Amino acid sequence: MTMADDGLDTAGLSRVLVTAVRPERPGAVANALTFGWRALLKLKHMPEQLFDVIVTPVMFTVMFTFLFGGALAGSPDQYLQFLLPGILVQTVTFTTIYTGFSLNTDLSKGIYDRFRSMPIWRPSPIVGAMTGDTIRYTISSLIVVVIGLILGFRPETGVAGVIAAIVLLNLYGFGISWLFVVLALIVRSPSVVMTMSWLVLMPVTFLSNIFVDPATMPGWLQAIVAVNPVALLVTAVREIMAGTATLGDVALALIGPAVVTALVAPVAMVLYGRKT
Amino acid sequence: MLQQSDLAIETSGLVKLFGDNRAVDGVDLAVGRGRVFGLLGPNGAGKTTTVRILATLLKPDAGSAKVLGLDVVDDADALRGRISLTGQFASVDEDLTGAENLKLLARLLGFSRRDAKRRAEDLLGGFGLADAAGRQVKTYSGGMRRRLDIAASLVVTPDLLFLDEPTTGLDPRSRNQVWDIIRMLTANGTTVLLTTQYLQEADTLADRIAVIDRGKVIAEGTSAELKASVGSGVVHVRLASAEDREAAERCLAEAIGAPVHADGDPRALTAQVSEPGRAAAALAALSDAGIVVSDFSLGQPSLDEVFFALTGHAAIEKDAKGEEVETTQEGEGGR
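Residues numbered from 1 in each chain as written. Chains lettered and ligands numbered in written order. Predicted model: local features only at pLDDT ≥ 70, side-chain atom pairs only at ≥ 80, totals over all residues. Heavy atoms only, no water.

A closer look at the overall build of chain B
In step 1: When you go through chain B residue by residue, the secondary structure sums to 12 helices and 14 strands.
In step 2: Seen through its principal axes, chain B has C-alpha atoms that stretch 80 × 45 × 40 Å.
In step 3: The 335 residues of chain B split such that 51% are buried.
In step 4: Restricting to contacts in chain B with at least 6 residues of sequence separation, those with at least 24 account for 68%.
In step 5: Accessible surface, chain B: about 14,100 Å² in total, of which carbon and sulfur atoms supply 47%. (Helix = DSSP H or I, 4+ residues; strand = E, 2+ residues; numbered from the N terminus. Buried < 20%, exposed > 50% of the residue type's maximum accessible area, 1.4 Å probe, protein only. Contact = heavy atoms within 4.5 Å. Areas by Shrake-Rupley, 256 points an atom, 1.4 Å probe, with all protein chains shown as cover.)

Pasting the structure below:
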């Protein structure tokens, strides 16, 4: 071993400095999946990130079931059958905020300079992070389902229905999280991302059919609920779990996320390209 | 054409604005291949912005830049395959371990899972980080972090490596290690563009240096050329008594025919001389005037003096004790 007097192993170093190898450039999907893997590594090192994802759904499910159950449906038990698919949607919707929150934190770090100067598919750091976030949606969905089962929720379609619902929820979460990606790219600090996201998501989730049947609402509100993507998804998830879903229900639920992706993803990529 | 292909970096009239701030204000550079080129200047001079344009992170507002014969805007994607950037701020992921960082980059560059693991291990070994491979980077010392950062740029050997202030904030031993690494890289044929605010660093490492101040290149050449451009040498005078300084200053100015610079030290004076003969005349003049001199020397100007002569201000602000003031690493606009 040749040591420079500053303790550097120069012989060892010179062996690794030159690589003749220059591997084939991987495709877009491979790049994105590698960034998904990065998101998983972060979860491994900082499992406390999952605290919100675990605690919030437990709190919402238990709280709303016993708070509103008796008054709205006669008993908490009855209400749970109606509420649980809605709580699933609410939980995933709230979880999408974290995409913006963590991206905003991440973007301010020097490593994005490295990513942006590398020969990789440009959107892959963002698409990969969003892909990694589907793990969060899945975990929080599963927690809601488990709590529901403990409290007495019984989906007609069993395991298959739950899986189908979670797949749909993930597609929805991925699609609408583009909104928060854009927010993360515009806004300076993570806490502002958080505040602004809540301001949008609170009305959108409450002006829906998550908690109550819109039949009792005034007409103008019913009109809003009828086109609210959150409400459309709640309907689809309810129908899937009850075994009465049609392809139309699912398609309606996916219109919102698809439109958001088509319109907002390109904006996000332009903003990402301009980010200095 | 032939001449162009010899150049690793070629810019003309490069301009970047951040609002009203002309961060880069008409930079022309010509950097040969296989060398260390130093971009020297104080904080906020436009070094980082220039590097970010050349590394395809920023688009210039005017002018053009070719790196390795590729246009930084039109051929950005192809160029990214041949360059690496080690930014001023740690461009590694602090939450991941050293090994995970390198594996992540290797996977992004197309290494198989197994090859990525092996490449990461080799690099960590070579850079003296094998023992820290499984630790999160946030637990690394500044020197270790820097070495990992440079290793991260070498997962695939680039044709050109940008190092933005690679030794800022490092202790002398870590700084020497980074210098060793840079020397070995160029010995292997990689071109290095180095920015620094340390004159000694540019002097030690760089084959050619561009001095940059307020977004403009104000001088360019080898370290020797830059020194020569200021004059053949510098006279340093130390007086026996501080009371003589004013008289000595007048006397020197007359004999040398150049402005005399009075340092913070009340007994010291320096002046640039265009020809060595004038120094002898100056010493005689001081002696004739009855001014007692405790030390008189004629030397090559240091890069510090070159910088002062070129810009009219010091490269690094010094505080009352003569220690370097820790200038905050406020981004050069836009960050």
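Re the nonpolar core
In step 1: Judged by nonpolar contacts, the single largest core of 80 residues is most densely connected at A:Phe115, A:Trp178, B:Leu102 and B:Phe127.
In step 2: In this structure A:Trp178 touches A:Ile126, A:Val127, A:Met130, A:Val260, A:Thr261, A:Val264, A:Ala265, A:Ala268 and A:Met269, once residues within four positions along its chain are discounted.
In step 3: Core analysis: the second largest hydrophobic core is formed by 38 residues, A:Phe60, A:Phe64, A:Ile166 and A:Val234 among them. (Core = buried A, V, L, I, M, F, W, Y, C linked by side-chain atoms within 4.5 Å.)

Notes on the sheet that holds strand β3 (residues 36-40) of chain B
Residue and element names in this part refer to chain B.
In step 1: Taken together, 6 strands build an open sheet; the order of strands is β6-β7-β8-β3-β9-β10 and the sheet is mixed. Single-partner strands in this sheet number two, and they are β6 (83-86) and β10 (216-221). Strand-to-strand, the axes of this sheet are offset by a mean angle of 15°, without reference to chain direction.
In step 2: Packed onto the sheet, helix α2 (residues 47-54) meets β3, β6, β7 (160-164), β8 (191-196) and β9 (208-213) and runs at close to 155° relative to β8.
In step 3: Relative to β9, helix α12 (residues 303-311) is tilted by about 45°, and along the sheet it contacts β3, β9 and β10. (Pairing = 2+ DSSP bridges. Axes fitted to C-alpha atoms, helices over the stretch in contact; angles between N-to-C directions.)

Quick notes on the UniProt feature "transmembrane region" (unreviewed entry) in chain A
Residue and element names in this part refer to chain A.
In step 1: As annotated by UniProt and renumbered to match this structure, "transmembrane region" (unreviewed entry) occupies residues 50-73, 79-101, 134-153, 159-185, 192-212, 218-238 and 250-272.
In step 2: Each end of residues 50-73 is marked by a C-alpha atom, and these two atoms are 32 Å apart; helix forms 96% of the span and strand 0%.
In step 3: A distance of 33 Å separates the end C-alpha atoms of residues 79-101, which is 96% helix and 0% strand. (UniProt positions renumbered as here; feature names shortened; annotations may be inferred.)

What about a nonpolar patch on the surface?
Residue and element names in this part refer to chain A.
In step 1: A surface patch of nonpolar side chains, about 380 Å² in accessible area, is lined by Val-159, Ile-163, Val-167 and Leu-171.
In step 2: Structurally, the position occupied by Val-159 is in helix α8 (residues 158-186).
In step 3: Judged by its relative accessible area of 63%, Val-159 falls in the exposed class. (Patch = residues over 30% accessible without salt bridge, like charges linked within 9 Å, V, L, I, M, F, W, Y side chains within 5 Å. Salt bridge = Lys/Arg side-chain N within 4 Å of Asp/Glu carboxyl O.)

Comments concerning the side chain of B:Ser84
In step 1: Within the secondary structure layout, B:Ser84 lies in strand β6.
In step 2: Once you skip the residues sitting within four places of it in the chain, B:Ser84 turns out to touch B:Ser153, B:Pro158, B:Leu160, B:Leu161 and B:Phe162.

Side note on the interface of chain B and chain A
In step 1: At the interface, 56 residues of chain B touch 44 residues of chain A.
In step 2: Interface area for chain B against chain A, summed over the two sides, is near 4,300 Å², with a carbon-plus-sulfur share of 58%.
In step 3: Of all residues in chain B, B:Arg80, B:Leu108 and B:Met184 bury the most surface against chain A, accounting for 15% of the area lost on that side.
In step 4: Run the count over chain B and chain A and you get 7 salt bridges.
In step 5: A salt bridge links B:Asp93 to A:Lys42, with the nearest nitrogen and oxygen atoms 3.1 Å apart.
In step 6: Listing elements by their share of the side of chain B that touches chain A, those giving two or more residues are α3 (76-80), β6, α4 (98-108), α5 (113-126), α6 (142-152) and α7 (172-187) of chain B.
In step 7: Here the residues of the side of chain B that touches chain A are counted per class, giving 24 nonpolar, 15 polar and 17 charged. (Buried area = accessible area lost by both parts, 1.4 Å probe. Nonpolar A, V, L, I, M, F, W, Y, C, P; charged D, E, K, R; others polar.)

Some points on empty space enclosed by the protein
In step 1: Under the definition given, this model contains 2 cavities of 30 Å³ or more.
In step 2: In this structure, the second largest cavity encloses a volume near 40 Å³.
In step 3: Lining the second largest cavity are 10 residues, with A:Asp113, B:Thr48, B:Arg52, B:Gly87 and B:Asp164 positioned closest to its centre.
In step 4: The leading source of residues in the lining of the second largest cavity is α2(B), at 3 residues.
In step 5: In the lining of the second largest cavity, the residues fall into 3 nonpolar, 3 polar and 4 charged. (1 Å grid on protein atoms, 1.4 Å probe; cavity = no way out; pocket = protein on both sides within 12 Å on 5 of 7 lines; lining within 4 Å. Points joined across faces, edges and corners; volume = space filled by probe spheres on them.)

Description of the UniProt feature "domain: ABC transmembrane type-2" (unreviewed entry) in chain A
In step 1: Under the feature "domain: ABC transmembrane type-2" (unreviewed entry), the UniProt entry names residues 48-275 of chain A.
In step 2: The annotated region residues 48-275 of chain A carries 81% helix and 0% strand content, and the separation between its end C-alpha atoms amounts to 29 Å.

As for the domain arrangement of chain B
The accessible area lost on association of the parts is a frequent measure of interface size.
In step 1: When the domains of chain B are assigned, the result is domain 1 (2-227) and domain 2 (232-300).
In step 2: Between the C-alpha centres of domain 1 of chain B and domain 2 of chain B there is a distance of 42 Å. (Domains from an automatic or database assignment.)

Looking at unusual backbone geometry
Residue and element names in this part refer to chain B.
In step 1: Here the phi dihedral of Thr-56 falls at roughly 70°; this positive angle occurs in a residue that is not glycine.
In step 2: The class for Thr-56 is buried, based on a relative accessible area of 8%.
In step 3: For Leu-68, which is not a glycine, the phi torsion comes out positive at approximately 55°.
In step 4: Looking at the secondary structure, you find Leu-68 in the loop between β4 (62-67) and β5 (70-71).

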